[in-house]
Amino acid sequence: MKKAYILIALIVLLSASACVQPVSPQPTPIPPQATDPQPTNTPAVELPTQEPQPTAEPEIPAVNLYAYVRDYWVFVFNPADNSVFHMGDSAHPFGYPSDCLQNSPRFSLDGHYLAFEARCANSFIIYDLTQNMKVAEIAKVSSPEILGDTLLGWAENGRLYYTRMVGGCSFDPELKGPERIEVYSYEPSSGGTRYEFDLPKVNDAPHAYSIGIIIDPQAEHVIGWNAACSVGLGTRFLFNVPAGTFEIEPAIWPASFGDISGNYSAFPVEQYVFGADGGKLYVQKDPALEWDPNARLMFLALGAANPVQIDSGSISELVSQAPLVK
């Protein structure tokens, strides 16, 4: 009987163990081991102590534009490719026909703008050469028959200076000149104008007045004509703007004007103008003719042995983007 109890207990124990799921033992994690960095054969690099300097680029002279007047039309000459275009053509319109008489071209010193007079409109045109479009038109107040309002030129401050006649020439009951000649400036970015100063009256005659010719890049000196109604041009004078003084035909002109006898074609005996690129634009004409209808316009580039012909006809004005450079 006792053996029977033992056998029954053994059977129960074996049955219970068969119902239990076996459990797999979990591996014991291995703690991370510190490893020494492996040496390499790369040589040590010494870091620079200062920023690397850029390689200096060679100085390349900027293209210097020229302009001239032929048969009362303004033309622009680009010596980079010896190209010429006429203000008012289909590619360079300014709001009036191309046969509108033009004169007095004046470049801004950076070559961005060209100002000139359009006689058919009796106004000054300011033209953007980079955009090929007119940006402003300043009406003249002087009569087209009287040399009163004139373009003086651009200064380093980016402003265009011009004169404005107040009053005019009257002949009845007596010969009398304008009241005064004012100088204004125009700024193309804002389109604003402002009064600057008056040109001096250098002659006491009642019909005398001053005609502006050119202003220097610093806008500190103006060259003008001592003129008179019905009489014409007289002598030149130099006006010192800051001092408010003038001198008739001074023995020495300010260095800012360069060579007065040859760098501005309104009054040299020989018509020529130098540019910032060292080129020379000049006119070959019959010395016996004041206005030679067959004169040849020539350009001599810096370092060139022979000039090239640019145009021909009645050439009356020559200017440069840098008209005062010797």
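What you are looking at is a predicted structure, and each value in this text was computed from that prediction instead of being measured.

A. Looking closely at the environment of threonine 150. Examined against the element boundaries, threonine 150 turns out to sit in the loop between β7 (133-139) and β8 (151-154). Sequence separation of threonine 150 and tyrosine 162 is 12 residues, and the distance between their C-alpha atoms is 5.6 Å. Aside from chain neighbours lying at most four places away, what touches threonine 150 is Phe124, Tyr162, Thr163, Ile211 and Gly212.

B. Examining the pattern of salt bridges more closely. The final tally for this structure, using the stated rule, is 8 salt bridges. Residue glutamate 179 pairs with arginine 180 through a salt bridge whose shortest N-O separation is 3.5 Å. Using a relative accessible area of 61% as the deciding quantity, one classes glutamate 179 as exposed. The closest approach of N and O atoms between glutamate 182 and arginine 180, which form a salt bridge, is 3.0 Å.

C. Spatial organisation of the sheet that holds strand β5 (residues 113-118). Taken in spatial order, the 4 strands of this open sheet run β4-β5-β6-β7, and their pairing is antiparallel. The open sheet has two edge strands with one neighbour each: β4 (102-107) and β7. With direction set aside, neighbouring strand axes in the sheet form an average angle of 20°. As paired elements, strand β6 (residues 123-128) and β7 share 6 bridges and run antiparallel to each other.

D. Spotlight on unusual backbone geometry. Look at the link from aspartate 172 to proline 173: it is a cis peptide, with omega at 10°. Secondary-structure assignment places proline 173 in the loop between β9 (160-166) and β10 (180-187). A positive phi angle, close to 50°, is found at asparagine 122, a residue other than glycine. If you trace the backbone, asparagine 122 turns up in the loop between β5 and β6. Residue classification places asparagine 122 among the buried positions, given a relative accessible area of 16%.

E. Structural context of the state of the cysteines. The tally for this structure, following the rule as stated, stands at 2 disulfides. Covalent S-S linkage joins cysteine 100 and cysteine 120, the inter-sulfur distance amounting to 1.9 Å. As the torsion about the S-S bond is roughly -100°, the cysteine 100-cysteine 120 disulfide counts as left-handed. Taken together, the positions of cysteine 100 in the loop between β3 (83-86) and β4 and cysteine 120 in the loop between β5 and β6 put the pair 20 residues apart, joining distant regions of the chain. Relative accessible area serves as the criterion here: at 3%, cysteine 100 is assigned to the buried category. Shown here is the disulfide that connects cysteine 169 with cysteine 229, its sulfur atoms set 1.8 Å apart. Classification of the bridge connecting cysteine 169 and cysteine 229 rests on its S-S torsion, roughly -75°, and on that basis the disulfide is left-handed. Highlighted residues: cysteine 169 in the loop between β9 and β10 and cysteine 229 in the loop between β13 (221-228) and β14 (232-240), separated in sequence by 60 residues. Like cysteine 229, cysteine 169 is buried. Bonded cysteines in the protein are paired 1-2, 3-4 when counted in the order they occur along the chain.

F. View of the nonpolar core. Judged by nonpolar contacts, the single largest core of 27 residues is most densely connected at Tyr161, Phe197, Leu199, Tyr209, Val222, Ile223 and Phe239. At 5 residues, strand β12 (residues 208-215) tops the list of elements feeding residues into this core. Sequence-distant contacts of phenylalanine 239, defined by excluding residues within four places in its chain, comprise Phe197, Asp198, Leu199, Pro200, Glu220, His221, Val222, Gly244, Thr245 and Phe246. Val69, Met87, Phe116 and Val319 belong to the second largest nonpolar core, which has 16 residues in total.

G. Here's a closer look at the side chain of serine 104. The topology assignment puts serine 104 in strand β4. Serine 104 has contacts with Val69, Ala115, Phe116, Glu117, Leu151 and Glu317, leaving out every residue within four places of it along the chain.

H. Structural detail: the pairing of β12. For β12, the buried fraction is high: 8 of the 8 residues fall into the buried class. Pairing geometry for β12 and β13, over 7 bridges, is antiparallel. Bridge pairing in β13 places serine 210 opposite asparagine 226. Joining the antiparallel neighbours β12 and β13 is a turn of 5 residues, in which alanine 219 adopts a positive phi near 60°.

I. Fine view of the sheet that holds β3. Pairing is antiparallel in the open sheet, where 4 strands are placed in the order β3-β2-β1-β20. The sheet terminates laterally at β3 and β20 (315-320), the two strands that pair on one side only. Here the average twist between neighbouring strands, direction ignored, is 20°. In this sheet, β3 lies alongside strand β2 (residues 73-78) in antiparallel orientation, the contact comprising 4 bridges. Looking at the pairing, phenylalanine 75 lines up with histidine 86 of β3.

Rules behind the numbers
Residues numbered from 1 in each chain as written. Predicted model: local features only at pLDDT ≥ 70, side-chain atom pairs only at ≥ 80, totals over all residues. Heavy atoms only, no water. Helix = DSSP H or I, 4+ residues; strand = E, 2+ residues; numbered from the N terminus. Contact = heavy atoms within 4.5 Å. Salt bridge = Lys/Arg side-chain N within 4 Å of Asp/Glu carboxyl O. Buried < 20%, exposed > 50% of the residue type's maximum accessible area, 1.4 Å probe, protein only. Pairing = 2+ DSSP bridges. Axes fitted to C-alpha atoms, helices over the stretch in contact; angles between N-to-C directions. Disulfide = S-S within 2.5 Å. Core = buried A, V, L, I, M, F, W, Y, C linked by side-chain atoms within 4.5 Å.

Don't take any of this as a statement about function, it's just geometry.
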